[in-house]
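Understanding the architecture of this molecule
Chain by chain, the residues:
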Amino acid sequence: MILEGLKEFQRRGLDATLLLDDPIVNAEALFFGAYKPNVRLLGKPAQPERPLWRKVLQRLWSPRYLLRALSELKPDLLIANGTPECMALVLESLLAFRRPPEFVCFIHGSPFQFLDDCTKYSLVLRRRFDMIRTGDPVYLATIPVRPPRMGLRRRLALEIVELFKVLAVRRSQCIYVLSEKNKREIELLFGHRNVVVAQAGGFSFRDLACADEARTRTLAETAPSLQILSLSRLVTKKRVDVIIRAFAMIVERNPSMPFVLCVGGRGDRESALRDQIAQLKIQDRVRMLGFVAEDELPALYRASRVFVSADSADFDLTCIQALALGCNLVVSQQFEIPAGFSAVRRRVFVAEASESGIAAALERACRAPCEPLIDNERSELQALTWERYFGAILERSLAKV
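Residues numbered from 1 in each chain as written. Predicted model: local features only at pLDDT ≥ 70, side-chain atom pairs only at ≥ 80, totals over all residues. Heavy atoms only, no water.

With that settled, the discussion passes to the overall build of the chain. Scanning the chain for helices and strands turns up 18 helices and 12 strands. For the chain, whose C-alpha radius of gyration is 23 Å, the value lies close to the compact-globule estimate of 21 Å for 401 residues. By its C-alpha atoms, the chain is 70 × 50 × 40 Å across when sized along the principal axes. Taking all 401 residues of the chain together, the buried fraction comes to 50%. Relative to all contacts within the chain whose residues are 6 or more apart in sequence, the contacts with residues 24 or more apart total 68%. When the accessible surface of the chain is summed, it comes to about 20400 Å², and 54% of that surface belongs to carbon and sulfur atoms. Across the chain, the centroid of the 58 positively charged side chains sits 5 Å from that of the 47 negatively charged ones. (Helix = DSSP H or I, 4+ residues; strand = E, 2+ residues; numbered from the N terminus. Rg over C-alpha atoms; globule rule 2.2 N^0.38 Å. Buried < 20%, exposed > 50% of the residue type's maximum accessible area, 1.4 Å probe, protein only. Contact = heavy atoms within 4.5 Å. Areas by Shrake-Rupley, 256 points an atom, 1.4 Å probe, with all protein chains shown as cover. Lys, Arg positive; Asp, Glu negative; His and termini not counted. Charge placed at Lys NZ, Arg CZ, Asp CG, Glu CD.)

Of all the residues in helix H13 (residues 270–279), the buried ones are Leu273, Gln276 and Ile277. Axial view of H13: buried residues confined to an arc of 100 degrees, hence all on one face. Lys281, located one to two residues past H13, shows a positive phi value of around 60 degrees. (Arc of directions from axis to C-beta.)

Quick look at the packing of helix H4 (residues 83–95) against helix H8 (residues 152–170) now. The interhelical angle for the contact between H4 and H8, taken along N-to-C directions, is 90 degrees, at an axis separation of 9 Å. Taken together, the axes of H4 and H8 are roughly perpendicular relative to one another. In contact with Thr83, Cys86, Met87, Val90, Leu91 and Leu94 of H4, H8 contributes Val161, Phe164, Lys165, Ala168 and Val169. Here the contact of H4 with H8 is composed, by residue class, of 9 nonpolar, 1 polar and 1 charged. (Axes fitted to C-alpha atoms, helices over the stretch in contact; angles between N-to-C directions. Parallel < 35°, antiparallel > 145°, perpendicular 65-115°, else oblique. Nonpolar A, V, L, I, M, F, W, Y, C, P; charged D, E, K, R; others polar.)

Strand order across the open sheet formed by 6 strands is E9-E8-E7-E10-E11-E12, with parallel pairing between neighbours. Single-partner strands in this sheet number two, and they are strand E9 (286–290) and strand E12 (348–351). The mean angle between the axes of side-by-side strands here comes to 20 degrees, regardless of whether they run parallel or antiparallel. Pairing analysis gives 4 bridges linking strand E11 (residues 328–332) to E12, with the strands arranged parallel. (Pairing = 2+ DSSP bridges.)

As a further point, take the packing of aromatic side chains. Scanning the model with the defined rule gives 10 aromatic pairs in all. With a centroid separation of 5.8 Å and an interplanar angle of 25 degrees, the aromatic rings of Trp386 and Phe390 are classed as stacked. Here the residue Trp386 and the residue Phe390 both occupy positions in helix H18 (residues 386–398), the gap between them amounting to 4 residues, near one helical turn. Exposure remark for Trp386: the relative accessible area of 8% places this residue in the buried category. Centroid distance Tyr389 to Phe390: 4.8 Å. Interplanar angle 80 degrees. Geometry classified as edge-to-face. (Phe/Tyr/Trp six-rings, centres within 6.5 Å; stacked < 30°, edge-to-face > 60°.)

Next up on the list: the side chain of Asn254. You can see Asn254 is positioned in the loop between helix H12 (240–253) and strand E8 (259–264). Its relative accessible area of 12% is what places Asn254 among the buried residues. In contact with Asn254, not counting residues within four places along its chain, are Phe259, Glu363 and Arg367.

Here we come to the nonpolar core. Ranked by internal contacts, the top residues of the largest apolar core, which has 46 residues, are Tyr301, Phe307 and Leu381. Residue assignment for this core shows that the elements contributing at least two residues are helix H1 (2–11), strand E4 (104–106), strand E7 (226–231), E8, helix H14 (297–302), helix H15 (317–324), E11 and H18. Apart from the residues within four sequence positions on either side, Phe307 is in contact with Leu229, Leu231, Tyr301, Thr318, Cys319, Ala322, Cys327, Asn328, Leu329 and Val330. By size, the runner-up hydrophobic cluster in this structure holds 33 residues, among which are Val263, Ile277, Val286 and Cys366. (Core = buried A, V, L, I, M, F, W, Y, C linked by side-chain atoms within 4.5 Å.)

A surface patch of nonpolar side chains, amounting to about 200 Å² of accessible area, comprises Ile24, Val39 and Leu41. Within the fold, Val39 resides in strand E2 (residues 39–41). (Patch = residues over 30% accessible without salt bridge, like charges linked within 9 Å, V, L, I, M, F, W, Y side chains within 5 Å. Salt bridge = Lys/Arg side-chain N within 4 Å of Asp/Glu carboxyl O.)

On to the environment of Asn194, then. For Asn194, the position within the fold is in the loop between helix H9 (180–190) and strand E6 (195–197). A polar contact of 2.9 Å, which involves the side chain of Asn194, links it to the backbone oxygen of Gln173. (Polar contact = N/O pair within 3.5 Å; in protein donor to acceptor, adjacent residues only side chain to side chain.)

This part covers the pattern of salt bridges. One pass over the full model with this rule turns up 17 salt bridges. The shortest N-O distance in the salt bridge between Glu162 and Lys165 comes to 3.1 Å. Taken together, the positions of Glu162 and Lys165, both in helix H8 and 3 residues apart, correspond to about one turn of that helix. Across the pair, Lys165 and Glu162 agree in class, each one buried. With a closest N to O distance of 3.1 Å, Arg378 and Asp375 form a salt bridge. Of this pair, Arg378 and Asp375 both sit in helix H17 (residues 375–382), 3 residues apart, which is roughly one turn of the helix. Each of Arg346, Arg347, Glu371 and Glu377 takes part in salt bridges that share partners, so that together they form one network.

As a further point, take unusual backbone geometry. Positioned with a positive phi, Lys74 is a non-glycine residue whose angle comes to about 45 degrees. For Lys74, the position within the fold is in the loop between helix H3 (63–73) and strand E3 (79–80). The exposure class of Lys74 is exposed, given its relative accessible area of 63%. Although it is not a glycine, Lys281 sits at a positive phi angle of roughly 60 degrees. Tracing the backbone shows Lys281 in the loop between H13 and E9. Overall, Lys281 belongs to the exposed group, its relative accessible area being 68%.

Rendered as structure tokens:
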């Protein structure tokens, strides 16, 4: 999203700069040349092998790099891409004995979406813990009431950092989130009074315009197989193991149906997922795709009748992109269908959080028609393009400067 934002700002003739502590050395991070952002490095890259006293000195010296960059650039709009960036802006200003600059920020998630994120158990956030946890069926089923055991030093560090994080986030003029559910959680957790829902879809006007013809051709080439696609990082949060168990259930119930599950992505759960597939004896029905290059994604979506996500998230760009490319969509109860969607809803199949619930939704989605977008659907999806999203961010943010 950062890279698409910079690209759109530059397309509008704006001077957009990405401030980084370290250089981008991985070609995948820039999608192999698809993006060419204007990057400015803040001082020398960190060197982990340095002794502790050198790291402390470097940290105390670092504010001058950020503040010098802001002084020279004099930005009309300063965007913090998350809570760590909010903290950096406030902390480094305080270390330099200066007033923190005005900024807006993105918060595109919640600590409740990550099981290993202990911040939700901190005292400053704990007062809202029960309200948020019991208000969501996935949270209720997956998040323990008690925090994991931790030593006194770690606990003190957690409490101090979280208190400062809340204070830093409150310094932002506006917080942009992707869903109404995320808005409610951020308001409860941080006590911020200006949280704005700005929905994005992960595609451009051009992508949407050329989707239908290519999709019709691709489905004709891949028929009669019923290809189901899962695409994400292979980590615990994405719950791909639940998708695989659900898929095994529908294969068992419908052995003659030509179901094929394609799992794209990489992550630390990949080996365990392969073992799971072998144990369920569905190796001939599941294809582990590994990393999928950006230019290969549209064809993969178009060849799939159904896109499925069991992610613990209320909004996912891959899901909206799948809709834009004509897939039927299976999502959990957490997923929030964007405001204003009515025509596109026929393609969305909401599943209970369990594997049996996902299996039932997958069966319904596979039997439903998979047709090109109609005009009403295309009109609804246009509201979620990168152009509309970042245009709204600019218009709203600059109006307050």
